[in-house]
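Report on the structure
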Amino acid sequence: MCDDEPQAIKEYEDRIRKLGEKHGFELSVRSFQNADQLFFYMEDSKNIVDIIFLDINMPGIDGIQAAAKLRKDGYGGEIVFLTKQSDKAIKGYDVRAYHFIVKSDESDPSFERIFISLADHIQNKTTEYITFQGVGESRNIAIRDIAYFSVFRRIITVHYGNNESFEFYSSMEKVESVMLEYGFLRVQRSYLVNTDYIRDFTAESVTMNDGAVITLSRKNSRQIREIINKKRLSK
């Protein structure tokens, strides 16, 4: 979120985290006190940020101007404006704002309703599926449930869900070209992994949540570890 008032940041950070715990949403919150700080962070993070809470009445670049720049730079996530004046809300329709919240006391139940609606909206929007065609069978799998792909003699195995797997014929190059935009990382010739499912990593290997230990490519080991570290820090 972005707000020039430290007290407002603390209040809404606490409210968001409490609602996340209450309703079982996994989330992380980053806060900024002016638009320039937000712009700097978003340069490398616009594709992983789901929601931005923006105070409209900030000195310098205000919330409406900040939202316009974010949209111009390609941010496609949701924007929610925070304002003390409800008459400012109408201006936000030009930047495709999801909602407007008039700053009020913590007992106001409308924030929770908006938060739940927004979380459901994002979950529905981001749940994409991909269909894999095996021998005599196809499998439709949610992309967010896929942990990693492995290959042996042109047989690709997709590992997903609760230790489930499915085999199909393809090449890792083809799979990588499709999954790259979803944040999957080629850690070595035979493995393509979802970094969200990495439990631990060293200079030589990554350990997945299911316990699989995958050796890193020697040639690209340092670069791979830097990418993993960057993604973890952005959460």
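Predicted model, so just to flag it, every value in this text is computed and none were measured. Counting restarts for each chain: residues are numbered from 1 in the order of the written sequence. Restriction of local features to residues with pLDDT of at least 70 applies here, the model being predicted, together with a cutoff of 80 or more for giving and counting side-chain atom pairs; totals for whole chains, interfaces and linings are based on all residues. For the side-chain quantities, the full set of heavy atoms in the structure was used; hydrogens and water were omitted.

**A short note on the overall build of the chain**
Short version of the rule: The helix count covers DSSP runs of H or I at least four residues long, the strand count covers runs of E at least two residues long, and both are numbered beginning at the N terminus. Only protein chains enter the accessibility calculation, which uses a 1.4 Å probe; a residue whose area is less than 20% of its type maximum is buried, one above 50% is exposed, and one in between is partly exposed. Residue contacts are counted whenever heavy atoms from the two residues lie within 4.5 Å of one another. In these tables, accessible area is a Shrake-Rupley quantity obtained with a 1.4 Å probe, and a residue counts as shielded only by the protein chains included in the view.
In terms of helices and strands, the chain carries six helices and 13 strands. Counting across all 235 residues of the chain, residues that qualify as buried make up 42%. Taking the intrachain contacts of the chain between residues at least 6 apart in sequence as the baseline, contacts between residues at least 24 apart amount to 49%. As displayed, the chain has an accessible area near 13800 Å², and 47% of this comes from carbon and sulfur atoms.

**A short note on the sheet that holds strand β3 (residues 99-102)**
Two modes of strand pairing occur in sheets, parallel and antiparallel, and in both the strands are linked by backbone hydrogen bonds. Note the threshold: Paired strands, in this sense, are two strands between which DSSP finds at least two bridges. Only the stretch in contact is used when fitting a helix axis, every axis being a line fitted to C-alpha atoms; angles between N-to-C directions are given from 0 to 180 degrees.
Strand order in this open sheet of three strands is β1-β2-β3, and the pairing throughout is parallel. Each of the sheet's edge strands pairs with one partner strand only, and the pair in question is β1 (51-55) and β3. On average, each strand axis in the sheet is tilted by 25° relative to the strand beside it, whichever way the strands run. Relative to β3, strand β2 (residues 78-83) runs parallel, the two being bridged by four bridges.

**Here's the deal with the side chain of Glu 13**
Tracing the sequence through the fold places Glu 13 in helix α1 (residues 6-23). Once residues within four sequence positions are removed from consideration, Glu 13 is found in contact with Met 1, Val 29 and Ser 31.

**Thoughts on the pattern of salt bridges**
Note that side chains of opposite charge can pair when their charged atoms are close. To keep things clear, this is the line we draw: Just to be clear on terms, a salt bridge is a Lys or Arg side-chain nitrogen sitting within 4 Å of an Asp or Glu carboxyl oxygen.
Applying the stated criterion across every chain, the model contains 12 salt bridges. Residues Arg 222 and Glu 226 are paired through a salt bridge, measuring 3.5 Å at the closest nitrogen-oxygen approach. On the criterion of helical spacing, the pair formed by Arg 222 and Glu 226 is a turn pair, its members being four residues apart in helix α6 (residues 221-233). When salt bridges that share partners are traced, they join Asp 3, Glu 5, Asp 55 and Lys 103 into one network.

**A short note on the pairing of strand β6 (residues 146-152)**
Looking along a regular strand, one sees the side chains alternate between the two faces of the sheet. The element β6 is extensively covered by neighbouring structure, given that five of its seven residues are classed as buried. The sheet contact formed by β6 and strand β7 (residues 155-160) spans six bridges and is antiparallel. Its bridge partner lying in β7, Val 151 is registered against Ile 156. Here β6 folds back onto β7, and the loop between the two strands holds two residues, one of which, Arg 153, carries a positive phi near 50°.

**Observations regarding the sheet that holds strand β12 (residues 205-208)**
Here we have three strands laid out as an open sheet, ordered β11-β12-β13, and antiparallel in their pairing. Each of the sheet's edge strands pairs with one partner strand only, and the pair in question is β11 (198-201) and β13 (213-215). Within this sheet the neighbouring strands show an average axis-to-axis angle of 25°, counted without direction. Both β11 and β12 contribute to a ladder of three bridges, which runs antiparallel. Note that in β12 the partner of Asp 200 across the bridge is Thr 207.

**Brief notes about the nonpolar core**
Applicable threshold: In plain words, nonpolar cores are sets of buried Ala, Val, Leu, Ile, Met, Phe, Trp, Tyr and Cys residues tied together by side-chain atoms within 4.5 Å.
Counting 21 residues, the largest nonpolar core has Leu 38, Met 42, Ile 52, Leu 54, Leu 70, Tyr 75 and Phe 81 as the members making the most contacts within it. Counting only elements with at least two residues in this core, the list comes to α2 (35-42), β1, α3 (63-72) and β2. If you look at the next biggest cluster of nonpolar residues, it comprises 16 residues, including Phe 132, Ile 141, Phe 168 and Val 175.

**Observations regarding the packing of aromatic side chains**
Just so we agree on the cut-off: Ring pairs shown here join Phe, Tyr and Trp side chains whose ring centres sit within 6.5 Å, with only the six-membered ring taken for Trp; geometry is labelled stacked below 30 degrees between planes, edge-to-face above 60, and tilted in between.
Enumeration over the complete set of coordinates arrives at nine aromatic pairs. Geometrically, the ring pair formed by Phe 53 and Phe 111 is tilted, given 6.2 Å between the ring centres and 35° between the ring planes. Here Phe 53 is found in strand β1, whereas its partner Phe 111 is found in helix α4 (residues 110-126), with 58 residues between them in sequence. Phe 111 shares its class with Phe 53; the two are buried. Their ring planes at 25° and their centres at 4.8 Å tell us that Phe 132 and Phe 168 sit as a pair that is stacked.

**Re α1**
Put simply, the test is: The span you would expect from a helix comes to 1.5 Å times its residue count less one.
Over its 18 residues, α1 runs 26 Å from end to end, which matches the ideal 26 Å to within 8%, given 1.5 Å per residue. Remark: Gly 24 follows α1 within two positions and exhibits a positive phi of approximately 75°.

**Observations regarding the packing of α2 against α3**
Definition in use: To sort the angles, those under 35 degrees are grouped as roughly parallel, those over 145 as roughly antiparallel, those from 65 to 115 as roughly perpendicular, and the leftovers as oblique. Rotating anticlockwise by less than a right angle from the far helix to the near helix defines a left-handed crossing, while the corresponding clockwise rotation defines a right-handed one. Under this grouping Gly is polar, as are all residues other than the nonpolar Ala, Val, Leu, Ile, Met, Phe, Trp, Tyr, Cys and Pro and the charged Asp, Glu, Lys and Arg.
Following both chains from N to C, one finds α2 and α3 inclined at 15°, their axes separated by 11 Å at the closest point. Considering their axes alone, α2 and α3 lie roughly parallel with respect to each other. Here α2 runs over α3; the crossing is right-handed. Residues Ala 35, Leu 38, Phe 39 and Met 42 of α2 touch α3, and the partners they reach there are Ala 66, Lys 69 and Leu 70. Of the residues that constitute the contact of α2 with α3, the class distribution is six nonpolar, no polar and one charged.

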